[in-house]
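Descriptive analysis of the structure
Spelled out, the chains give:
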Amino acid sequence: MKAPIFCSKLIAYSKQPNEKETSEENFAALIEFYKVSPFYRFAHLTSNKPIIEAFQGHIRLHVIDFDISRGIQWSSLIQSLSERKDVPTVSISVFGREMNVLNTTGIRKRLRDIESLNPAIVVVVKHEAIHSPVTFSSGFMESVYYCAALIDSLDEFLPLQSAERMTIGRFHIGEQIKNNIRDDGDDDMMVRRLRETHRKWEMWKEWMEIGGFTQIGLSSRCVNQEKLLL
């Protein structure tokens, strides 16, 4: 029942041939999506709360981000810390797209390296989707359904034909679809890329435990904040 609806919405955002998008347009679309959809903002604000709680009693905070992307996730954390009476010293060490390194060097080894730093807390924020295709066609449909959920999240905030929604669909969500299914001339490579795009949470939990980490629950204050955001 939902597939025709998903497809009809995606057609509205289809990319025009022979048009080249710039990084500025992609970034502007990401920011617009961040403002109106709860998807990314909820994840970032919720993950920042445990970091702030683990920071209590300290005057210096060192954040290591292994998948910095555009870096918009840290603005709310810096703002929260700046409102404290004793403004702390904050440093952020970043890596570009470390997931590529994790996939090639081995996640277990990389997590052991992180554990050796003796961090106060490690927060994993990832998109969860079942991208484990056997064939390209099955992977394509999984990618469509996932990205369609992102599009559906705009329904409460932007009219279907609004310019902002068209921009988000074309330059942000459309780019995700294109990156997932781009043709390298190697069907096996395309299937592997779709599998690596997003992992199920159970797999991340297993990797973290193998790496020597123990899952902790969210505090009541963090849970209450989540409820307010929803």
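Fair warning: this is a prediction, and the values are worked out from it, not measured in the lab. (Residues numbered from 1 in each chain as written. Predicted model: local features only at pLDDT ≥ 70, side-chain atom pairs only at ≥ 80, totals over all residues. Heavy atoms only, no water.)

1. What to know about unusual backbone geometry
What counts here: In this scheme, a residue with accessible area under 20% of its type's maximum is buried, one over 50% is exposed, and one in between is partly exposed, where area comes from a 1.4 Å probe on protein chains only.
Even without a glycine there, the phi angle at N118 is positive, about 55°. Classification of N118 by relative accessible area gives exposed; the value is 65%.

2. Re the packing of helix α3 (residues 38-54) against helix α4 (residues 75-82)
Put simply, the rule reads: The convention used is that axes are lines fitted to C-alpha atoms, helices contributing only their stretch in contact, and that angles between N-to-C directions extend from 0 to 180 degrees. Think of it this way: any DSSP run of H or I at least four residues long counts as a helix, any run of E at least two long counts as a strand, and we number them from the N terminus. When describing relative orientation, an angle under 35 degrees is termed roughly parallel and one over 145 degrees roughly antiparallel, while 65 to 115 degrees is termed roughly perpendicular and anything else oblique. Crossings are assigned a handedness: left-handed for a near helix turned anticlockwise from the far helix by less than a right angle, right-handed for a clockwise turn. Note on contacts: a residue pair qualifies if any of its non-hydrogen atoms lie within 4.5 Å across the two residues. Under this grouping Gly is polar, as are all residues other than the nonpolar Ala, Val, Leu, Ile, Met, Phe, Trp, Tyr, Cys and Pro and the charged Asp, Glu, Lys and Arg.
α4 packs onto α3 with a crossing angle of 40° between their chain directions and a minimal axis gap of 9 Å. Taken together, the axes of α3 and α4 lie oblique to each other. Crossing of α3 over α4 shows right-handed handedness. Here L45, N48, I51 and I52 of α3 lie close against α4, whose contacting residues are S76, L77, S80 and L81. When the residues that make up the contact of α3 with α4 are grouped by side-chain class, the tally is 5 nonpolar, 3 polar and no charged.

3. Description of the pattern of salt bridges
Where we set the bar: For this analysis, a salt bridge means a side-chain nitrogen from Lys or Arg found within 4 Å of a carboxyl oxygen belonging to Asp or Glu.
Counted under the stated rule, the structure contains 4 salt bridges. One salt bridge in this structure joins E209 and K205, with 2.6 Å as the shortest N-O distance. With a gap of 4 residues between them, E209 and K205 both fall in helix α10 (residues 201-210), about one helical turn apart.

4. Comments concerning helix α2 (residues 23-36)
To keep things clear, this is the line we draw: Helix span, expected: 1.5 Å multiplied by one less than the number of residues in the helix.
Counted at 1.5 Å a residue, the expected span for α2 with its 14 residues is 20 Å, and the 20 Å between its end C-alpha atoms agrees. Within the span of α2, buried status applies to N26, A29, L30, F33, Y34 and V36.

5. Section: the nonpolar core
Selection rule: Here the nonpolar core consists of buried residues drawn from Ala, Val, Leu, Ile, Met, Phe, Trp, Tyr and Cys, with membership extended through side-chain atoms lying within 4.5 Å.
If you look at the biggest cluster of nonpolar residues, it comprises 15 residues, and the most contacted ones within it are F33, Y40, L150, I168 and I173. Counting residues per element, the ones that place at least two in this core are α2, α7 (136-152) and α8 (163-181). Once you skip the residues sitting within four places of it in the chain, Y40 turns out to touch L30, F33, Y34, H127, L150, H172 and Q176. By size, the runner-up hydrophobic cluster in this structure holds 9 residues, among which are I52, V63, W74 and L77.

6. Description of the confidence of the model for the chain
The condition is simple: Scored from 0 to 100, pLDDT reflects the predictor's confidence in each residue.
For the chain, the mean per-residue pLDDT works out to 75, and 71% of the residues sit at or above 70. Averaged pLDDT values for the elements of the chain fall to 37 in helix α1 (residues 3-12) and rise to 89 in strand β1 (residues 60-65). Between residues 1-15, whose pLDDT stays under 50, and residues either more than four places distant or in other chains, the model counts 21 contacts.

7. What about a nonpolar patch on the surface?
Inclusion rule: Patch members must show over 30% relative accessible area and no salt bridge, and they are joined within 9 Å when carrying like charges or within 5 Å when they are nonpolar side chains of Val, Leu, Ile, Met, Phe, Trp or Tyr. Each accessible area value is a Shrake-Rupley result obtained with a 1.4 Å probe; residue values ignore everything except the protein chains displayed when judging cover.
Taken together, the side chains of I78, V90, I92 and V94 make up a nonpolar region of the molecular surface, amounting to roughly 290 Å² of accessible area. Of all the elements, strand β2 (residues 89-94) adds the most residues to the nonpolar patch, at 3 residues. Looking at the secondary structure, you find I92 in strand β2.

8. A few points about the pairing of β2
Quick note on the threshold: Whether two strands pair comes down to DSSP finding at least two bridges between them. A right-handed crossover is one whose linking path, passing over the helix from the first strand to the second, runs clockwise when the strands point away from the viewer.
Two strands pair when backbone bridges link them, and β1 and β2 are joined in this way by 6 bridges, in the parallel orientation. The residue of β2 that forms the bridge with L61 is V90. Regarding the hand of the β-α-β motif, the stretch spanning β1, α4 and β2 is right-handed.

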